[in-house]
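# Commentary on secondary and tertiary structure
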Amino acid sequence: MTTNQQQIKIVSDKQVRTDMPDFNTGDIVKVHVKIKEGEKERIQMFEGFILKTSGSGNDATFTVRKESFGIGVEKTFFVNSPIVAKVELLKKGKVRKSKIFYMRERKGKSARIKPRVKK
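Heads up: these notes are all about the structure in this document. (Residues numbered from 1 in each chain as written. Predicted model: local features only at pLDDT ≥ 70, side-chain atom pairs only at ≥ 80, totals over all residues. Heavy atoms only, no water.)

Relative to strand S2 (residues 40-54), strand S1 (residues 28-37) runs antiparallel, the two being bridged by ten bridges. Bridged to Lys34 within S2 is Ile43. Following S1, the chain reverses through two residues before pairing antiparallel with S2; Gly38 in that reversal takes a positive phi of roughly 70°. Here S1 runs beside strand S5 (residues 84-91); their pairing, made up of six bridges, is antiparallel. By the bridge assignment for S5, Val31 is matched with Val87. (Pairing = 2+ DSSP bridges. Helix = DSSP H or I, 4+ residues; strand = E, 2+ residues; numbered from the N terminus.)

As structure tokens, then:
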């Protein structure tokens, strides 16, 4: 690595958030999102399962999906975004793929994710 790349890596490593829980695809999370309305700011929760994670370091993102009144809603969040106030890990899910797009077509009981059992 050249010195410029090393300097960029040093600066970007300092900006990575360390307060995030260790979550993976299939886990059920509650994301606390800061919403600004005029001059006021409030926190709104978005609860669902992690559909995919991608990127690393400053560019890391995760997509959360939930069913709201029979309609699927997906939101993608940057891990290091100041909009994300907090992420709570509610349940660990057992899945065999890193991106579970097949869950988009599922409804009802088939849309459940089995819990991961600790050994």
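Additional details are given in the paragraphs that follow.
A few words now on the sheet that holds strand S3 (residues 61-68). Spatially, S4-S3-S2-S1-S5 is the arrangement adopted by the five strands of the open sheet, whose pairing is antiparallel. On the outer flanks of this sheet lie strand S4 (71-78) and S5, each paired with one strand and no other. Geometrically, the sheet is characterised by an average inter-axis angle of 40° between neighbouring strands, direction not taken into account. (Axes fitted to C-alpha atoms, helices over the stretch in contact; angles between N-to-C directions.)

This part covers the pairing of S4. Bridge count between S3 and S4: eight bridges; the pairing is antiparallel. What sits directly across from Val64, in S4, is Lys75.

In this structure, Phe23, Val29, Val31, Phe62, Val64, Phe77 and Val87 are the most contacted members of the largest nonpolar core, which totals 14 residues. At the level of elements, S1, S2, S3 and S5 are the ones that each hand at least two residues to this core. In this view, Val64 contacts Val29, Val31, Phe46, Gly48, Phe49, Val73, Glu74, Lys75 and Phe77; residues no more than four positions away in its chain are not counted. (Core = buried A, V, L, I, M, F, W, Y, C linked by side-chain atoms within 4.5 Å. Buried < 20%, exposed > 50% of the residue type's maximum accessible area, 1.4 Å probe, protein only. Contact = heavy atoms within 4.5 Å.)

Function cannot be inferred from these measures alone, as they are strictly geometric.
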